[in-house]
Amino acid sequence: MRVIALSFLLLSGCAVNDIAHRYTPTPDPDLTGYWVGEGGGQTQYVNIRADGTGEECWETQGQYNSAPAVISNGKLISKGEMTIKKNGPDYFQKCMWGICIDMHKIPFNRVAAQCKQWFTQ
């Protein structure tokens, strides 16, 4: 049931508009860097800059998409508002509707090539 709910969450998020531009970025040095996580049939990458802005990139069945993202008052905002739960210097969870995706810090060279283009603009 959780897989179905997570799939719905992730797929429904793709159907809404980007909302990051509506929020004021909050710098969070602990979250600066590149992150990867998997859930609901997707691999998700996040780039967070020191000023709290960034991008989210995800892969579903070989197709890559990207959306602007911001950190704002303890949330990761992209196509929805996801609460951030910090669990250490190299690990956090992004949660929405009680469903969480574990995000792990990675070096830039481990970011999917298709996402690197969005992360370096």
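Heads up: the structure comes first, above all this text.
What you are looking at is a predicted structure, and each value in this text was computed from that prediction instead of being measured. (Residues numbered from 1 in each chain as written. Predicted model: local features only at pLDDT ≥ 70, side-chain atom pairs only at ≥ 80, totals over all residues. Heavy atoms only, no water.)

*Asks:* It is not clear to me how the nonpolar core should be interpreted in this structure. Could you clarify?
*Replies:* Across soluble globular proteins, you tend to see nonpolar side chains buried next to one another. In this structure, Leu 31, Trp 35 and Leu 76 are the most contacted members of the largest nonpolar core, which totals 13 residues. At the level of secondary structure, the elements contributing two or more residues to this core comprise β2 (42-48), β4 (63-72), β6 (81-86), β7 (91-96) and β8 (99-106). Grouped together as the second largest cluster of nonpolar side chains are eight residues, Val 36, Tyr 45, Ala 112 and Phe 119 included. (Core = buried A, V, L, I, M, F, W, Y, C linked by side-chain atoms within 4.5 Å. Buried < 20%, exposed > 50% of the residue type's maximum accessible area, 1.4 Å probe, protein only. Helix = DSSP H or I, 4+ residues; strand = E, 2+ residues; numbered from the N terminus.)

*Asks:* I keep staring at the state of the cysteines and nothing clicks. Help me out?
*Replies:* A covalent bond bridging the sulfur atoms of two cysteines is what the word disulfide describes. Scanning the model with the defined rule gives two disulfides in all. Across the disulfide, Cys 57 is cross-linked to Cys 115 (sulfur-sulfur distance 2.0 Å). Across the S-S bond of Cys 57 and Cys 115 the torsion is about -75°, and the bridge reads as left-handed. Of the two residues, Cys 57 is situated in strand β3 (residues 53-60) and Cys 115 in helix α2 (residues 113-119); the sequence distance between them amounts to 58 residues. Taking the relative accessible area as the measure of exposure, Cys 57 reaches 0% and is therefore buried. (Disulfide = S-S within 2.5 Å.)

*Asks:* How should the side chain of Gln 44 be read in this particular structure?
*Replies:* Here Gln 44 shows up in strand β2. A polar atom in the side chain of Gln 44 sits 3.0 Å from the side chain of Gln 42. Side chain to side chain, Gln 44 and Lys 94 meet in a polar contact 2.4 Å long. (Polar contact = N/O pair within 3.5 Å; in protein donor to acceptor, adjacent residues only side chain to side chain.)

*Asks:* What exactly am I supposed to notice about the sheet that holds strand β1 (residues 33-39) here?
*Replies:* Strands belonging to one sheet form pairs held by backbone hydrogen bonds; the direction of such a pair is parallel or antiparallel. Taken together, eight strands build a closed barrel; the order of strands is β1-β2-β3-β4-β5-β6-β7-β8 and the barrel is antiparallel. Strand-to-strand, the axes of this sheet are offset by a mean angle of 30°, without reference to chain direction. Sheet topology places β4 next to strand β5 (residues 75-77); three bridges connect them, and they run antiparallel. Looking across to β5, one finds that Ile 71 is bridged to Leu 76. (Pairing = 2+ DSSP bridges. Axes fitted to C-alpha atoms, helices over the stretch in contact; angles between N-to-C directions.)

*Asks:* Please clarify how the pattern of salt bridges should be interpreted in this entry.
*Replies:* Oppositely charged side chains are able to pair whenever their charged atoms sit close together. Considering all chains together, one arrives at five salt bridges under this definition. Lys 86 is paired through a salt bridge with Asp 28; the nearest N and O atoms lie 2.8 Å apart. Of this pair, Lys 86 sits in strand β6 while Asp 28 sits in the loop between α1 (2-15) and β1, and the two are 58 residues apart along the sequence. On the basis of relative accessible area, Asp 28 is assigned to the buried category, the value being 16%. Between Arg 49 and Glu 55 there is a salt bridge, and its shortest N-O distance comes to 2.5 Å. Looking at Arg 49, the relative accessible area reads 27%, which means it is partly exposed. Residue Glu 55 is classed as buried on the basis of its relative accessible area, which comes to 13%. Within this structure, Asp 28, Asp 30 and Lys 86 form a network of salt bridges that share partners. (Salt bridge = Lys/Arg side-chain N within 4 Å of Asp/Glu carboxyl O.)

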